[in-house]
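Reading the structure
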Amino acid sequence: MTGPRTLPQALQQAAAEWPERPALREKVLGIWSPTSWRRYQERVKHFALGLSALGAERGVRVAILGTNRPEWLVADLAAQSLGGAGVGLFVESLPEEVAYVINHCDATVVVVEDQEQVDKILEVRDRLEKVTHVIYDDPQGMSRYDDPLLISFSDVERLGAELDSAEPGRYDAEVALGRPDDVAVLLYTSGTTGAPKGAMLSHRNMAAAIEQFLAVEPVEPSFELVSHLPMAWAGERLWSTAGHVLKGYRVNFPESKETIRGDIREIGPHHIFASPAMWEEYLSTVEISVGDATRLKRALYRWALPIGHARAERMYRGESAGLRDRLVTALADLLVFRPLRDQLGLLRAARIYSGGAALGPDVFRWYHALGIPIKQVYGQTEVGIVSVHWDQIKPDTMGRPVPGASMRTGDDGEILIAGDSVFLGYYKDDAATARAVKDGWLHTGDEGHFDQSGHLVVVDRMKDVAKLRSGQRFSPAFVENKLKFSPYVKEAVAFGDGRDHVVALVNVDGKSVGKWAEQHGISFTTYADLTQRAEVLELIRSEVTRVNRDVPEANAIVRFCVLHKELDADDGEVTRTRKVKRSLVAKRYGFIVEAMYAGQDLVPVEAEVTYRDGRQAVVKTELHIVDPRVAPLEAIA
């Protein structure tokens with residue numbers, strides 16, 4: 001590791017090089033408020049010394065629970081300045097989930113955003129074994145609390161400023177003690193098959209992950225990045241902390257979750273990283289907006305889209321456009337694509353990525369048709385990003401390995417990775433670490449192969465790759481991603497292992513399907529009621545039929561059922577990063593799957609429903625099982 005050995009040392013260097021340049025911007029009450037590199041460094045110093053004044057020892061573990069804002073980064077880097085680590089918690093986590101991570105990582109300090117998160121911590125305080133202080137940032141509503149466990153963020157900074165005045169060299173001495181192989185962050189994995197594990201990443205790991213990626217995908221200090229994904233997620237942490245202090249671009253924090261889209265449009269980021277769920281949602285929004293537009297605008301969009309797809313296909317093949325194609329594409333861009341890119345806030349986007357799971361090839365192609373240079377990236381919490389389309393874009397691959405990351409596949413097709421970005425191991429779990437890393441190679445648990453161009457093709461999680469009774473192998477994720485290209489499908493779970501054919505559970509997108517229903521004069525009372533309307537089942541049947549035309553015949557969906565509720569993280573059905581817990585879903589809704597294979601047309605369920613006026617009730621209902629070859633309007637009538 002050349003230059004700074006730790007991230008706090010990199011922050012010191014950035015503050016010395018660009019003292020008055022804005023490092024961060026946060027939107028508050030509609031106004032973007034900047035923080036210079038000098039002030040950013042000062043806040044980290046004072047908060048770190050404030051922790052020391054409260055009795056925090058070197059190596060402190062600081063759990064952080066809150067939305068993306070400057071204080072999150074300040075707390076994270078302050079912990080690292082003291083030789084410790086920040087531990088991100090998902091804001092939506094239930095109290096018992098929060099308690100598990102805080103105890104497992106041995107946190108003595110918890111930093112929270114506001115009163116809501118304070119209440120969440122206090123609810124489980126009797127179970128928190130080592131916590132001595134809970135530090136809250138937003139003072140609103142906190143005046144009535146009288147608890148020695150609580151202290152405000154500003155008071156901690158004040159204590160640190162006082163200690164800095166009394167001992168001017170103390171902070172620099174602490175930072176100088178940092179070593180590249182110190183644990184910088186603890187990132188808790190999604191826990192799709194059990195309790196989450198704490199992946200320990202060192203400063204060397206974080207820096208290597210950033211440096212080797214940016215060697216082929218460089219960024220400029222003038223770039224704008226919007227921090228909008230959960231900080232507990234590995235990808236956001238890499239870009240908003242490590243990449244930020246090492247490369248000096250500006251990080252922007254939206255005002256709230258509800259304003260993210262508008263704030264992204266205001267910023268016009270050069271660099272944005274998001275999960276497939278966000279890109280799928282953007283696509284759905286555009287398709288729905290086009291459906292609501294005037295006849296002329298709809299016609300223009302339908303005219304331009306094939307032109308955009310032709311441009312994308314030429315890019316994939318490395319071909320140049322002729323004069324006529326260039327002129328027609330330029331006109332389509334002027335009339336349709338550029339306004340759409342502007343509406344999405346992606347007009348300036350030069351570095352735009354999808355990661356965390358596979359983005360369906362159809363979604364990928366749609367963005368390229370619009371002239372949005374989105375790229376797939378592949379990586380894991382334990383290793384950072386190790387593959388990207390840096391030399392050639394191919395929709396069905398994850399690109400080529402970045403320099404510094406060694407990749408190969410094992411005899412069983414498992415993707416293996418080695419290099420400086422491979423994590424130190426799982427905290428308190430030597431057995432899991434030994435299973436994950438063997439002879440320096442990280443065993444990812446993903447099945448894949450490399451094509452003739454050296455591009456990585458990821459098939460699926462090895463445990464999820466299925467085999468039909470005929471012996472035909474298929475990837476559930478491939479079928480599911482095809483379905484999720486539809487603006488009306490939010491989630492899908494395909495089954496077929498050991499069976500004669502494929503069936504699927506489908507979650508409709510309540511917002512888009514609800515709007516569609518209203519436009520077509522279809523009344524409904526609840527989400528559950530909406531899902532079982534004959535017209536809605538016909539809508540989803542048409543989407544399944546589209547998918548069946550695009551997949552091998554053996555992988556076609558023979559029967560499907562639209563679930564009466566959305567898969568929910570609070571119910572343990574998906575992770576906080578929206579990854580489906582396939583085994584749990586299979587167990588919980590196994591009776592529906594069996595009904596599909598048994599040829600039933602209806603299956604009874606008990607459902608907790610929320611009416612449009614907010615009332616809740618538990619009702620008994622029946623779910624329709626649909627054969628895509630038969631129109632529900634005919635079958636149900």
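Residues numbered from 1 in each chain as written. Predicted model: local features only at pLDDT ≥ 70, side-chain atom pairs only at ≥ 80, totals over all residues. Heavy atoms only, no water.

The next subject is empty space enclosed by the protein. Scanning all chains against the criterion turns up four cavities of 30 Å³ or more. There is about 80 Å³ of room inside the largest cavity. Looking at the largest cavity, the residues that line it are Ile 64, Leu 65, Gly 66, Thr 67, Arg 69, Glu 71, Trp 72, Val 111, Val 112, Glu 113, Asp 137 and Phe 153. Counting residues per element, the ones that place at least two in the lining of the largest cavity are strand S3 (61-65), helix H3 (70-81) and strand S5 (109-112). Of the residues belonging to the lining of the largest cavity, the class tally is six nonpolar, two polar and four charged. Here the second largest cavity is characterised by a volume of approximately 50 Å³. In terms of lining residues, the second largest cavity is bounded by Thr 6, Pro 8, Arg 58, Gln 80, Ser 81, Gly 83, Glu 174, Val 175, Gly 178, Asp 182 and His 203. Elements with a contribution of two residues or more to the lining of the second largest cavity: H3 and helix H7 (170-176). Partitioned by chemical class, the residues of the lining of the second largest cavity number two nonpolar, six polar and three charged. (1 Å grid on protein atoms, 1.4 Å probe; cavity = no way out; pocket = protein on both sides within 12 Å on 5 of 7 lines; lining within 4 Å. Points joined across faces, edges and corners; volume = space filled by probe spheres on them. Helix = DSSP H or I, 4+ residues; strand = E, 2+ residues; numbered from the N terminus. Nonpolar A, V, L, I, M, F, W, Y, C, P; charged D, E, K, R; others polar.)

The next thing to look at is the nonpolar core. Grouped together as the largest cluster of nonpolar side chains are 82 residues, with contacts concentrated most on Tyr 40 and Phe 47. The residue makeup of this core includes at least three contributed by each of domain 1 (7-202) and domain 2 (274-347 + 349-461). Residues within four places of Tyr 40 in sequence aside, it is in contact with Leu 11, Ala 23, Leu 24, Thr 35, Leu 73, Val 74, Leu 77 and His 244. Formed by 37 residues, the second largest nonpolar core is a distinct cluster that contains Trp 279, Val 286, Phe 364 and Tyr 367. (Core = buried A, V, L, I, M, F, W, Y, C linked by side-chain atoms within 4.5 Å. Buried < 20%, exposed > 50% of the residue type's maximum accessible area, 1.4 Å probe, protein only. Domains from an automatic or database assignment. Contact = heavy atoms within 4.5 Å.)

One can read the domain layout of the protein chain as domain 1 (7-202), domain 2 (274-347 + 349-461) and domain 3 (466-626). Residue-level contacts link 15 residues of domain 2 with 15 residues of domain 3. Between domain 2 and domain 3, the buried area comes to about 1300 Å², and carbon and sulfur atoms account for 52% of it. Interface area lost by domain 2 to domain 3 is led by Ile 288, Asp 362 and Asp 460, which between them contribute 33%. Where domain 2 packs against domain 3, one counts three salt bridges. Counting across the interface, domain 2 meets domain 3 through eight residue pairs in polar contact (both at pLDDT 80 or more). At six residues, helix H11 (residues 276-292) tops the list of elements feeding residues into the side of domain 2 that touches domain 3. Looking at side-chain class alone, the side of domain 2 that touches domain 3 contains six nonpolar, three polar and six charged residues. (Buried area = accessible area lost by both parts, 1.4 Å probe. Salt bridge = Lys/Arg side-chain N within 4 Å of Asp/Glu carboxyl O. Polar contact = N/O pair within 3.5 Å; in protein donor to acceptor, adjacent residues only side chain to side chain.)

A sheet is described by the order of its strands in space; here eight strands give the open sequence S7-S6-S5-S3-S4-S8-S9-S19, paired in mixed fashion. Since the sheet does not close on itself, it has two edges, and those belong to strand S7 (150-152) and strand S19 (425-426), each with one partner. Sheet contacts for helix H4 (residues 95-104): S3, strand S4 (85-89), S5 and strand S8 (183-188); angle to S4, the most-contacted strand, approximately 165°. (Pairing = 2+ DSSP bridges. Axes fitted to C-alpha atoms, helices over the stretch in contact; angles between N-to-C directions.)

Here we take up the layout of surface pockets. Size it by volume and the second largest pocket reaches roughly 560 Å³. The wall of the second largest pocket is formed by 19 residues, among which Ser 289, Val 290, Pro 339, Leu 340 and Gln 343 lie closest to the centre. At the level of secondary structure, the elements contributing two or more residues to the lining of the second largest pocket comprise helix H10 (260-267), H11, helix H12 (295-317) and helix H13 (323-344). The biggest single contributor to the lining of the second largest pocket is H13, with six residues.

Now for the packing of helix H2 (residues 37-53) against helix H6 (residues 153-166). Closest axis-to-axis distance for the H2/H6 pair is 6 Å, and the angle between their directions is 90°. As judged from the angle between their axes, H2 and H6 are roughly perpendicular. Where H2 abuts H6, its residues Arg 43, Lys 45, His 46, Phe 47, Leu 49, Gly 50, Leu 51, Ser 52 and Ala 53 lie against Phe 153, Val 156, Glu 157, Leu 159, Gly 160, Ala 161, Leu 163 and Asp 164. Along the lines of polarity and charge, the residues of the contact of H2 with H6 split into nine nonpolar, four polar and four charged. (Parallel < 35°, antiparallel > 145°, perpendicular 65-115°, else oblique.)

Counting buried positions along helix H14 (residues 361-369) yields eight of nine residues, so the element is predominantly enclosed. Taken together, the buried positions of H14 are Pro 361, Asp 362, Val 363, Phe 364, Trp 366, Tyr 367, His 368 and Ala 369. One or two steps after H14, the chain reaches Gly 371, where phi turns positive at roughly 85°.

Moving on to unusual backbone geometry. Although it is not a glycine, Leu 29 sits at a positive phi angle of roughly 55°. Mapped onto the elements of the fold, Leu 29 is located in the loop between strand S1 (22-28) and strand S2 (31-36). You will see that Asp 439, though not glycine, has its phi angle at about 55°, which is positive. Along the chain, Asp 439 turns up in the loop between strand S20 (437-438) and strand S21 (441-450). Given the relative accessible area of 78%, Asp 439 is considered exposed.

Attention shifts here to the packing of aromatic side chains. A complete count under the given rule lists 10 aromatic pairs for this structure. Between the aromatic rings of Trp 37 and Tyr 40, the centroid separation amounts to 5.9 Å while the plane-to-plane angle is 45°, which identifies the pairing as tilted. Within this pair, Trp 37 and its partner Tyr 40 are both found in helix H2, separated by three residues, close to a single helical turn. By the burial criterion, Trp 37 is buried, and Tyr 40 matches it. An aromatic cluster of three or more residues is present, and its members are Trp 279, Tyr 282, Trp 366 and Tyr 367. Taking NZ or CZ as reference, Arg 61 lies 4.8 Å from the ring centre of Tyr 427, over its face. Across the ring face of Tyr 426, the terminal group of Lys 197 is positioned such that the distance to the ring centre comes to 5.1 Å. (Phe/Tyr/Trp six-rings, centres within 6.5 Å; stacked < 30°, edge-to-face > 60°. Lys NZ or Arg CZ within 6 Å of the ring centre and 35° of its normal.)

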